[in-house]
Amino acid sequence: MSFIPGQPMTAVVQRIEIQKLRQGDNLILGFSIGGGIDQDPGQNPFSEDKSDKGIYVTRITPNGPADMAGLMMGDKIMQVNGWDMTMVTHDQARKRLTKKKEDVVRLLVTRKSLEDAVKNSMGGQHIRKPH
């Protein structure tokens, strides 16, 4: 998905709700993120055109809260609890995800396989012309 700042974009999204795991004073989500408008998008292994400064899931703890909720490595996080995550710094994204008062995180994510499935279902209908 190529993204041009300031231009409307279409994304196939999935809602994922993660119940944080409480360990003492810590609330565990079970995943790590990469990216942000303050990071080098060329270092992002999930960005197709190497100019995408979005927030991506870079690691999932097996059997952790995020894994159990269906989050996948490479998912691009579009929203966290209603907050837009498309133009945030890495630190802003981390803070949004780790708020102490929130036991549940509701994510809106997009992933390559979702986009491909929709493109294939839309573009896969070929009309044969009679010879």
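Residues numbered from 1 in each chain as written. Predicted model: local features only at pLDDT ≥ 70, side-chain atom pairs only at ≥ 80, totals over all residues. Heavy atoms only, no water.

1. A look at the nonpolar core
So, point 1. Among the nonpolar cores identified, the biggest contains 19 residues, and I18, F31, L71, I77, L97 and L107 are the most heavily contacted of them.
So, point 2. Elements with a minimum of two residues in this core: β1 (13-19), β4 (31-35), β5 (55-60), β6 (76-80), α2 (90-97) and β8 (104-110).
So, point 3. Dropping the residues within four chain positions of it, F31 is found in contact with I18, V57, R59, I60, T61, A66, L71, I77, L97 and L107. (Core = buried A, V, L, I, M, F, W, Y, C linked by side-chain atoms within 4.5 Å. Buried < 20%, exposed > 50% of the residue type's maximum accessible area, 1.4 Å probe, protein only. Helix = DSSP H or I, 4+ residues; strand = E, 2+ residues; numbered from the N terminus. Contact = heavy atoms within 4.5 Å.)

2. Focus on the environment of T98
So, point 1. Take T98: it is sitting in the loop between α2 and β8.
So, point 2. Overall, the relative accessible area of 42% leaves T98 in the partly exposed class.
So, point 3. In the structure, T98 is positioned 72 residues away from N26 in sequence and 9.3 Å away in space, judged by C-alpha atoms.

3. So, the packing of aromatic side chains
Think of a pair of aromatic rings as described by two things: how far the centres are apart, and how the planes are tilted against each other in angle.
So, point 1. Inspection of every chain in the model, using the stated rule, returns one aromatic pair.
So, point 2. Residues F46 and Y56 carry aromatic rings whose centres are separated by 6.2 Å and whose planes lie at 20 degrees to one another, so their mutual orientation is stacked. Of this pair, F46 sits in the loop between β4 and β5 while Y56 is found in strand β5, placing the two residues 10 residues apart along the sequence. (Phe/Tyr/Trp six-rings, centres within 6.5 Å; stacked < 30°, edge-to-face > 60°.)

4. Side note on the pairing of β4
So, point 1. Judged by how many residues are buried, β4 sits mostly within the fold: four of five residues are covered.
So, point 2. Note: β4 against β5, five bridges, orientation antiparallel. Note on β5: the bridge partner recorded for G34 is Y56. (Pairing = 2+ DSSP bridges.)

5. Re the pattern of salt bridges
So, point 1. This structure, assessed with the given rule, holds six salt bridges.
So, point 2. Here R106 and E17 are joined by a salt bridge, their closest N and O atoms 3.1 Å apart. Here R106 is found in strand β8, whereas its partner E17 is found in strand β1, with 89 residues between them in sequence.
So, point 3. For R106, a relative accessible area of 46% puts it in the partly exposed group.
So, point 4. In this structure, R94 and D91 form a salt bridge, with 2.5 Å as the shortest nitrogen-oxygen distance. Residue R94 and its partner D91 are located together in helix α2, separated by three residues, close to a single helical turn.
So, point 5. By relative accessible area, which is 38% here, R94 ends up partly exposed.
So, point 6. Relative accessible area serves as the criterion here: at 33%, D91 is assigned to the partly exposed category. (Salt bridge = Lys/Arg side-chain N within 4 Å of Asp/Glu carboxyl O.)

Such coordinate-based values are descriptive only and should not be taken to indicate function.
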